[in-house]
Amino acid sequence: MTERWVVHLPMVVNDLVSAQRLARVVAHWSSVLPQVEPGGTTVSPEDEQNVRHWAFCERRLSEGRRCVLRPDHEGDCSSCLRRR
């Protein structure tokens, strides 16, 4: 067993897209903490917590971190947000 622990912070929304959006906001906000890896954020149905959906793209970048863009983004992956 590793010495890593995962914090689960339940939040309730009505659909997958809203859950992913809220998860991205919370992950970005909390990324000021060095312990947080925003790209690893997932969401799940309340009654099926073993069924997880990525809040961000699931691909890993060369430095080992995950891409921080939406799961269905177009173009290259990125370790920082694209501003519109």
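Predicted, not measured: the structure shown is a model, and the values here were computed from it.

Visitor: Outline the overall build of the chain, listing residues and values.
Guide: Broken down by element type, the chain carries one helix and two strands. Expected size for 84 residues packed as a compact globule is a radius of gyration near 12 Å; at 13 Å, the chain falls within 12% of this value. Overall, the chain is about 35 × 35 × 20 Å in size when its C-alpha atoms are taken along their principal axes. Looking at the chain residue by residue over its 84 residues, the buried ones come to 24%. The long-range share in the chain, meaning contacts at least 24 apart out of those at least 6 apart in sequence, stands at 24%. Between the centroid of the 12 positive side chains of the chain and the centroid of its 11 negative side chains there is a distance of 7 Å.

Visitor: Describe in detail the layout of surface pockets, supporting the description with residues and values.
Guide: Considered as a void within the structure, the largest pocket measures approximately 1500 Å³ in volume. What lines the largest pocket is a set of 36 residues, and nearest its centre among them are Val7, His8, Leu9, Thr41 and Thr42. Breaking the lining of the largest pocket down by element, the ones donating at least two residues are α1 (16-30) and β1 (42-43). Top contributing element to the lining of the largest pocket by residue count: α1, with eight residues. Looking at side-chain class alone, the lining of the largest pocket contains 20 nonpolar, ten polar and six charged residues.

Visitor: Tell me what's going on with the pattern of salt bridges, and back it up with residues and numbers.
Guide: Counted according to the given criterion, the structure contains one salt bridge. Taking the shortest distance from any N to any O, the salt bridge between aspartate 72 and arginine 70 comes out at 3.2 Å. Taking the relative accessible area as the measure of exposure, arginine 70 reaches 34% and is therefore partly exposed.

Visitor: Please provide a residue-by-residue account of the nonpolar core, values included.
Guide: Ala19, Ala23, Ala27, Val43, Ala55, Phe56 and Val68 together form the largest nonpolar core, which totals seven residues. Sort the elements by how many residues they give to this core and α1 lands first, with three residues.

What counts and what doesn't
- Residues numbered from 1 in each chain as written.
- Predicted model: local features only at pLDDT ≥ 70, side-chain atom pairs only at ≥ 80, totals over all residues.
- Heavy atoms only, no water.
- Helix = DSSP H or I, 4+ residues; strand = E, 2+ residues; numbered from the N terminus.
- Rg over C-alpha atoms; globule rule 2.2 N^0.38 Å.
- Buried < 20%, exposed > 50% of the residue type's maximum accessible area, 1.4 Å probe, protein only.
- Contact = heavy atoms within 4.5 Å.
- Lys, Arg positive; Asp, Glu negative; His and termini not counted.
- Charge placed at Lys NZ, Arg CZ, Asp CG, Glu CD.
- 1 Å grid on protein atoms, 1.4 Å probe; cavity = no way out; pocket = protein on both sides within 12 Å on 5 of 7 lines; lining within 4 Å.
- Points joined across faces, edges and corners; volume = space filled by probe spheres on them.
- Nonpolar A, V, L, I, M, F, W, Y, C, P; charged D, E, K, R; others polar.
- Salt bridge = Lys/Arg side-chain N within 4 Å of Asp/Glu carboxyl O.
- Core = buried A, V, L, I, M, F, W, Y, C linked by side-chain atoms within 4.5 Å.

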